[in-house]
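One letter stands for each residue in the lines below.
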Amino acid sequence: QAQLVESGGGLVQAGGSLRLSCAASGRTFSSYAMGWFRQVPGKEREFVAAIRWRDGTTYYGNSVKGRFTISRDNAKNTVYLQINSLKPEDTGVYYCAAEPVTTALRDFRSWGQGTQVTVSS
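The notes below deal with the structure included here. As the structure is a prediction and not an experimental result, all values here were calculated from the model.

**Looking at the pairing of strand S4 (residues 33-39)**
Part 1 of the reasoning: Most of S4 sits inside the fold, with 6 of its 7 residues counted as buried.
Part 2 of the reasoning: As paired elements, S4 and strand S5 (residues 46-52) share 6 bridges and run antiparallel to each other. What sits directly across from arginine 38, in S5, is glutamate 46.
Part 3 of the reasoning: The antiparallel hairpin formed by S4 and S5 contains 6 residues in its connecting segment, where glycine 42 sits at a positive phi of about 85 degrees.
Part 4 of the reasoning: Sheet topology places S4 next to strand S9 (residues 92-100); 6 bridges connect them, and they run antiparallel. Each bridged residue has a counterpart across the sheet, and for glycine 35 the counterpart in S9 is alanine 97.

And the structure:
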């Protein structure tokens, strides 16, 4: 199964930026796409973005369109999430995911431990 190692989270002020990284290893050959999700206590997990390895096609959740950018480095087997113009509502634990369940790319089988993003107002 795929193993995912995340980094890049932290505390930032509103309007600031962060870049999250997710390095994948193990059996990643079955994962044709990678995704990012976020979650806060008391709320459901929210889809943030996804990207297809083959052609780089990207998908974004409605709340982050125009502010977040997902990208990938195939040689490094790494996916990035550039997050700009951060708002306090972006605060949460961000999870990297692999092995999509369906082509809708809204659920995945493998997950990272998560990295905390906190946006102060």
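Back to the write-up after that little detour.
**Focus: the state of the cysteines**
Part 1 of the reasoning: Enumeration according to the criterion identifies 1 disulfide in this entry.
Part 2 of the reasoning: Here cysteine 22 pairs with cysteine 96 through a disulfide, and the sulfurs are 2.0 Å apart. The disulfide joining cysteine 22 to cysteine 96 has a torsion of about -80 degrees about its S-S bond and is therefore left-handed. Note that cysteine 22 is positioned in strand S3 (residues 18-26) and cysteine 96 in strand S9, a separation of 74 residues in sequence. Across the pair, cysteine 96 and cysteine 22 agree in class, each one buried.

**Focus on the sheet that holds strand S1 (residues 2-7)**
Part 1 of the reasoning: Overall, antiparallel pairing links the 4 strands, which are arranged S1-S3-S8-S7 in an open sheet. Each end of this open sheet is capped by a strand with a single partner; those strands are S1 and strand S7 (68-73). Pairwise comparison of adjacent strand axes, ignoring direction, gives a mean angle of 20 degrees for this sheet.
Part 2 of the reasoning: Sheet topology places S1 next to S3; 6 bridges connect them, and they run antiparallel. Residue pairing for S3: leucine 4 is matched across the bridge by alanine 24.

**Some thoughts on the pattern of salt bridges**
Part 1 of the reasoning: Within this structure, the stated rule accounts for 5 salt bridges.
Part 2 of the reasoning: Put simply, arginine 38 and aspartate 90 hold a salt bridge, and the shortest N to O gap is 2.8 Å. With arginine 38 in strand S4 and aspartate 90 in the loop between strand S8 (78-83) and S9, the pair connects residues that are 52 residues apart, well separated along the chain.
Part 3 of the reasoning: Note that aspartate 55 and arginine 54 form a salt bridge whose closest N and O atoms lie 3.4 Å from each other.
Part 4 of the reasoning: Look at aspartate 55 and you get partly exposed, because its relative accessible area is 38%.
Part 5 of the reasoning: When its relative accessible area of 69% is taken as the criterion, arginine 54 is described as exposed.
Part 6 of the reasoning: If you follow the salt bridges from partner to partner, you end up with Arg38, Glu46, Arg67 and Asp90 in one network.

So, how was this worked out
Residues numbered from 1 in each chain as written. Predicted model: local features only at pLDDT ≥ 70, side-chain atom pairs only at ≥ 80, totals over all residues. Heavy atoms only, no water. Buried < 20%, exposed > 50% of the residue type's maximum accessible area, 1.4 Å probe, protein only. Helix = DSSP H or I, 4+ residues; strand = E, 2+ residues; numbered from the N terminus. Pairing = 2+ DSSP bridges. Disulfide = S-S within 2.5 Å. Axes fitted to C-alpha atoms, helices over the stretch in contact; angles between N-to-C directions. Salt bridge = Lys/Arg side-chain N within 4 Å of Asp/Glu carboxyl O.

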